[in-house]
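Commentary on secondary and tertiary structure
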Amino acid sequence: MAADGGRSALPCAFSPKSRQFLALCAQDGRLRIWNTDSKTLQQEYVPSAHLSAACTCVTWGPCRASQEVPQKKRRKCDTGSAPEQSDLLALGTAAGSILIYSTVKGDLHCTLDGGHSGPVNCVQWHPDDSVLYSGSDDTHIAEWDLQTGKVRCKWKADRSAITSLCVSPDGKLLLSAGMTIKMWNLETKEVYRKFTGHSTMVTTLCFATTRPPDSNGLYFLSGAAHDRLVSVWQVRSDGKDKNSVVSFTLTDEPQHIDLQTSNSKDEAVRLSVVCKDGSLHLFEHFLNGPCKKPLSPACSLQVSTTKGDSPVPVPLLAATLCADRQNLMLAYGHHLQPVIEKTPFNTSERHVCLNRDVQATLSISVDTAVSKVRTPVINEQKSKVLIPGLPGHKAPIKLTPNESEKRKKGQSATEMSIEERLEQIELSVGGKGAGKGAASLQTDSFAVLLVQGLESKDEKILNKIFQTKKETLIKNTVARIPPPAVLPLVEELSRRLQGHPFAALLIVQWFKAVLTQHTSYLSSLPDLVSQLGSVYHMIESRVKLYHQITRLHGKLYLLMTQVAASNSANKVGEVDHSAKLVYEEESSDEYEGSGDEGRPEDDSDDWEEDEAAMEVAEDKENHAEEDEDMNDDSKANGDSDMDPESEEE
């Protein structure tokens, strides 16, 4: 029983029981079936939608007698017991359909459509070969009836995508896995058990024993993406089976698992696991209960080849245990041409390295019935190679020879050669100028001249082109150059930008046109940063002082305007400060209290002295009246003593 190793690995599976065939779906979408006995390609099938809907999983159906193979037009055959052989293959596709391929007919048996809305991730056959189960990204499991080609039943199995399926040997239970593992009762389509323990998508499920679940002897294995462990789970009757009982340690993520089941407690389970790093690990263990420590492999196998003096590892694609329990069937090398080898193994040796000469063993022999490709016979003497020139160029026009020169008498050719036909086409296009025999390149186009100058590195042609100042002409020229000439043009423009700034004014327009017209092509270049890095640093260094220079320019402009304003003020003559007009009011007091701007300063001082004298005279009159009325009071208060002093002052 070969299990699929997930989407990251190429779908491949050995046929059951006899291991006679290896089915492998390559990256080109083709199904190739290899014969393990003769090491040759047995059949090849190309689906109609092999490019748009690639194959995601491959599973062999149960072995059946060749007489029971369903066919549209059944031929008469001899009555007798035919040996059982592997016939049907189920291919899951990314379009949601399932292809059933028959190796006996060598053609497509039927197509199962309409069951899934997302890519099919896993397909499993029921022991009854007329029933098939499939899991998809649409979180549903579909049960197919191959006799009618329609869906029997469909139910939602998980919140996430269904990545792996496995049917029990008795056909009563179904394991499904996304982020969690669920065991379904196929009669009622109800969940029988749930198992949680993987943090990533489970990619592999397979039963390890054939015992019934009520006897506490039913075990199954699971492997997950980005997980270096293969976990063993026990289905117990009391329901206490939430954790795994055994773990097998690996060196990398498991991709292909094959095992030989155990029928009793005294029989060990043999397991072979092909990891993502291309190595093979073999395990042998008695499943009779939980084991605390993870188990290391009993034997690790690696295939290598010699290149020069050092060995180089060869990745293993798939491996299976033979029925005799003493040999291994290995498939290694490239998926388009794998090397198939049957080798004995001994678990007493912990590490085994097989050194093989892969190049010598890759002498593939394909049957003529399989290969329908015809190889054409090429006559090297008569064949000619036409190499196209630069875009826009035309080959030199030659004079048409006469019919007698074209076809010599001794020439037995009855048809014109391709070269002669091309010459006639060029002559018809050339018109009148062709008759003169003027063979020259088209130099009237700026795009042709630019490409020619870039290839020949002619400075005269480039200087003539880069001196153009018309913006429309620059845009049209840059738009017409081919993509291979864009990078040399960028290098030439970056070199010229580093020259004199005065000459860089014209180059900037060309650079702008290149960046706007060929943005998509430049963004697809892997080394774009290194190509434009020098231009970026040069522009950054020139723009670095721009803000400081603008500030300095503003300050200098301010100073120059102030100096010009002061010079213009000095040229104005002396101002006459004398009053041109004097306005007089009727009251002399108001006239004296009011000040004119045009009067001199000494007049204002005399006005203040006159006002003080008038105040002193009024005080004297008041004191005289008080002396006459109150002589006694003035003596007591001493006002008469102060009056003479105030008068003197």
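Note that the coordinates shown come from a computational prediction; the quantities given were computed from them, not determined experimentally. (Residues numbered from 1 in each chain as written. Predicted model: local features only at pLDDT ≥ 70, side-chain atom pairs only at ≥ 80, totals over all residues. Heavy atoms only, no water.)

Structural notes on the overall build of the chain
A count of helical and extended segments in the chain gives 16 helices and 32 strands. Looking at the chain as shown, the accessible area adds up to about 40,100 Å², and 52% of this sits on carbon and sulfur atoms. (Helix = DSSP H or I, 4+ residues; strand = E, 2+ residues; numbered from the N terminus. Areas by Shrake-Rupley, 256 points an atom, 1.4 Å probe, with all protein chains shown as cover.)

Concerning the packing of aromatic side chains
Under the counting rule described, the total for this entry stands at nine aromatic pairs. Consider the rings of Phe220 and Trp233, whose centres lie 6.4 Å apart with planes at 15°: the pair is stacked. You can see Phe220 sitting in strand S21 (residues 218–224) and its partner Trp233 sitting in strand S22 (residues 229–235), a full 13 residues away along the chain. The same class applies to Phe220 and to Trp233, which are both buried. On the numbers, 4.8 Å between centres and 45° between planes, the contact of Phe248 with Phe283 is tilted. Within this pair, whereas Phe248 is found in strand S23 (residues 246–249), its partner Phe283 is found in strand S26 (residues 280–285), the two being separated by 35 residues in sequence. Across the pair, Phe283 and Phe248 agree in class, each one buried. Among the aromatic residues, ring-to-ring pairing joins Phe195, Phe207, Phe220 and Trp233 into one connected group. (Phe/Tyr/Trp six-rings, centres within 6.5 Å; stacked < 30°, edge-to-face > 60°. Buried < 20%, exposed > 50% of the residue type's maximum accessible area, 1.4 Å probe, protein only.)

As for helix H8 (residues 486–497)
Compared with an ideal rise of 1.5 Å per residue, which puts twelve residues at 16 Å, H8 spans 16 Å between its outermost C-alpha atoms and is within 8% of the ideal. In terms of burial, H8 is largely enclosed, as nine of its twelve residues are buried. All buried positions along H8 are accounted for by Val486, Leu487, Leu489, Val490, Glu492, Leu493, Ser494, Arg496 and Leu497. (Expected span 1.5 Å × (residues − 1).)

Points about the sheet that holds strand S13 (residues 131–136)
Reading across from one edge, S12-S13-S14-S15 is the order of the four strands in this open sheet, with antiparallel pairing throughout. On the outer flanks of this sheet lie strand S12 (120–125) and strand S15 (150–156), each paired with one strand and no other. Taken over all neighbouring pairs, the strand axes of this sheet differ in orientation by 20° on average, direction set aside. In this structure, S13 lies alongside strand S14 (residues 140–145), joined through five bridges in antiparallel fashion. (Pairing = 2+ DSSP bridges. Axes fitted to C-alpha atoms, helices over the stretch in contact; angles between N-to-C directions.)

Here's the deal with the pattern of salt bridges
For the structure on display, the rule yields 13 salt bridges. Here Glu143 makes a salt bridge to Arg152, at a shortest N to O gap of 3.9 Å. By relative accessible area, which is 7% here, Glu143 ends up buried. Assessed through its relative accessible area of 48%, Arg152 is described here as partly exposed. (Salt bridge = Lys/Arg side-chain N within 4 Å of Asp/Glu carboxyl O.)

Overview of the confidence of the model for the chain
Of all residues in the chain, 73% have pLDDT values of 70 or greater, and the mean over the chain is 76. The spread of mean pLDDT over the elements of the chain runs between strand S1 (residues 2–3), the lowest at 42, and strand S16 (residues 164–167), the highest at 94. A low-confidence stretch, residues 403–413 stays under pLDDT 50, and its non-local contacts, those more than four residues away or across chains, total eight contacts. Of the regions scoring below 50 in pLDDT, residues 597–604 engages in two contacts with residues more than four places distant in sequence or in other chains. (pLDDT = per-residue confidence, 0-100. Contact = heavy atoms within 4.5 Å.)

Re the environment of Lys292
Its location among the elements puts Lys292 in the loop between S26 and strand S27 (299–307). Residue Lys292 is classed as exposed on the basis of its relative accessible area, which comes to 87%. Each C-alpha atom of the pair Lys292 and Ser247 lies 8.5 Å from the other, and the pair is 45 residues apart in sequence.

Considerations on the nonpolar core
One finds Ile181, Phe220 and Leu271 to be the most contacted residues of the largest nonpolar core, which totals 33 residues. Looking at this core, the elements with two or more residues in it are strand S17 (173–177), strand S18 (181–185), strand S20 (202–207), S21, S22, S23, strand S24 (254–260) and strand S25 (269–275). Apart from the residues lying within four places of it in its own chain, the contact partners of Leu271 are Leu221, Val230, Phe248, Ile257, Asp258, Leu259, His281, Leu282, Phe283 and Leu321. By size, the runner-up hydrophobic cluster in this structure holds 29 residues, among which are Leu449, Leu487, Leu493 and Leu522. (Core = buried A, V, L, I, M, F, W, Y, C linked by side-chain atoms within 4.5 Å.)

Regarding helix H7 (residues 471–480)
Ile474, Thr477 and Val478 are the residues of H7 that are buried. Viewed end-on, H7 has its buried residues packed into an arc of 95°, placing them on one side of the element. The exposed residues of H7 that point more than 90 degrees off its buried face are Thr472 and Arg480. (Arc of directions from axis to C-beta.)

A short note on the packing of helix H5 (residues 446–456) against helix H6 (residues 459–466)
Interhelical geometry of H5 versus H6 gives an angle of 140° and a closest axis separation of 8 Å. Comparing their axes, H6 and H5 come out oblique. Where H5 crosses over H6, the two elements pack in a sense that is left-handed. Residues Phe446, Leu449, Leu450, Gly453 and Leu454 of H5 form the contact with H6, whose own contacting residues are Ile461, Leu462, Ile465 and Phe466. Its residues assigned to classes, the contact of H5 with H6 comprises eight nonpolar, one polar and no charged. (Parallel < 35°, antiparallel > 145°, perpendicular 65-115°, else oblique. Left-handed = near helix turned anticlockwise from the far one by under 90°. Nonpolar A, V, L, I, M, F, W, Y, C, P; charged D, E, K, R; others polar.)

As for the sheet that holds strand S30 (residues 327–334)
With respect to topology, three strands assemble into an open sheet ordered S29-S30-S31, the strand pairing being antiparallel. Unpaired on one side and paired on the other, strand S29 (316–321) and strand S31 (337–344) mark the two borders of the sheet. Between one strand axis and the next, the sheet turns by 15° as a mean value, whatever way the strands run. The pairing of S30 with S31 spans eight bridges and is classified as antiparallel. Looking at the pairing, Asn327 lines up with Pro344 of S31.

Regarding the packing of H5 against H7
Viewed as axis vectors pointing N to C, H5 and H7 meet at an angle of 60°, and their least axial separation amounts to 8 Å. In this view, H5 runs oblique relative to H7, as classed from their interaxial angle. Crossing of H5 against H7: the hand is right-handed. Facing Phe446, Ala447 and Leu450 of H5, the residues of H7 in contact are Leu473, Thr477 and Arg480. For the contact of H5 with H7, the class distribution of residues is four nonpolar, one polar and one charged.

Side note on unusual backbone geometry
Its identity is not glycine, yet Lys17 carries a phi of approximately 65°, on the positive side. Its location among the elements puts Lys17 in the loop between strand S2 (12–14) and strand S3 (21–25). Located in the positive-phi region is Lys189, a residue other than glycine, with phi close to 60°. The residue Lys189 is located in the loop between S18 and strand S19 (190–195) in this model.

Observations regarding the environment of Lys469
Checked against the element boundaries, Lys469 lands in the loop between H6 and H7. The exposed category is assigned to Lys469, whose relative accessible area is 65%. A sequence separation of 37 residues divides Lys469 from Leu506, and the C-alpha atoms of the two residues are 6.8 Å apart. Ignoring anything within four residues of it in the chain, the contact list for Lys469 reads Leu506 and Gln509.

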